[in-house]
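# Report on the structure
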Amino acid sequence: MSFLQNNITLIIAALASGGMLLWPLLRRSGKEVDTMVAVQLINYKDALVLDVREASEYESGHIPNSRHIPGDKLEQRLQELEKFKDKPIILIHRSGVSSTGKAGALLRSNGFAQVRTLAGGIDVWRQANLPIVKNKRGG
């Protein structure tokens with residue numbers, strides 16, 4: 001007991017340090033996935049890939065069969081996603097700009113329970129040499 005009393009400051013510092021190390025892991029709670037998990041969700045769980053980037057970014061290259069709804073239009077277009085409420089949804093953003101945080105929160109608050117974000121966004125998908133589709137502008 002005297003050890004605890006003599007070293008209470010050290011013990012508190014150790015607990016606080018451990019908590020700070022664990023916080024990022026606990027905060028994620030499985031909401032971010034890497035490309036391998038994303039491909040498994042797409043292939044085996046029929047996941048919806050929802051690209052929330054701007055139109056020009058989407059047209060310059062996107063994941064095959066992905067659905068495009070820009071993040072700032074998502075709330076107005078939620079009804080388009082109703083049939084996917086019970087399926088995994090993988091949010092795609094531009095690397096370095098995680099607009100998926102707000103999109104994920106919006107979807108979760110509207111009953112979409114299996115929302116995930118592709119860690120690193122579309123750039124990580126490209127770096128893994130996974131398929132990309134480019135829209136061709138036509139007249």
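Residues numbered from 1 in each chain as written. Predicted model: local features only at pLDDT ≥ 70, side-chain atom pairs only at ≥ 80, totals over all residues. Heavy atoms only, no water.

Glancing now at the pattern of salt bridges. Considering all chains together, one arrives at 6 salt bridges under this definition. The shortest N-O distance in the salt bridge between Asp51 and Arg53 comes to 2.8 Å. Residue Asp51 is classed as buried on the basis of its relative accessible area of 0%. Taking the shortest distance from any N to any O, the salt bridge between Arg77 and Glu80 comes out at 2.7 Å. (Salt bridge = Lys/Arg side-chain N within 4 Å of Asp/Glu carboxyl O. Buried < 20%, exposed > 50% of the residue type's maximum accessible area, 1.4 Å probe, protein only.)

Right, let's talk about the pairing of strand E5 (residues 115–118) for a bit. Examined bridge by bridge, strand E1 (residues 32–33) and E5 share 2 bridges and lie parallel to one another. Residue pairing across strands places Val33 opposite Leu118, the latter belonging to E5. Both strand E4 (residues 89–92) and E5 contribute to a ladder of 3 bridges, which runs parallel. Across the sheet, residue Leu91 finds its bridge partner in E5, namely Thr117. (Pairing = 2+ DSSP bridges. Helix = DSSP H or I, 4+ residues; strand = E, 2+ residues; numbered from the N terminus.)

Strand order in the open sheet formed by 5 strands is E1-E5-E4-E2-E3, and the pairing between neighbours is parallel. The open sheet terminates on both sides in strands that have one partner only, identified here as E1 and strand E3 (67–68).

Here Asp46, not a glycine, exhibits a phi torsion of approximately 55°, which is positive. Relative to the helices and strands, Asp46 resides in the loop between helix H3 (35–45) and strand E2 (48–51). Classification of Asp46 by relative accessible area gives partly exposed; the value is 48%. Although it is not a glycine, Asn65 adopts a positive phi angle of roughly 65°. Within the element layout of this structure, Asn65 appears in the loop between helix H4 (55–59) and E3.

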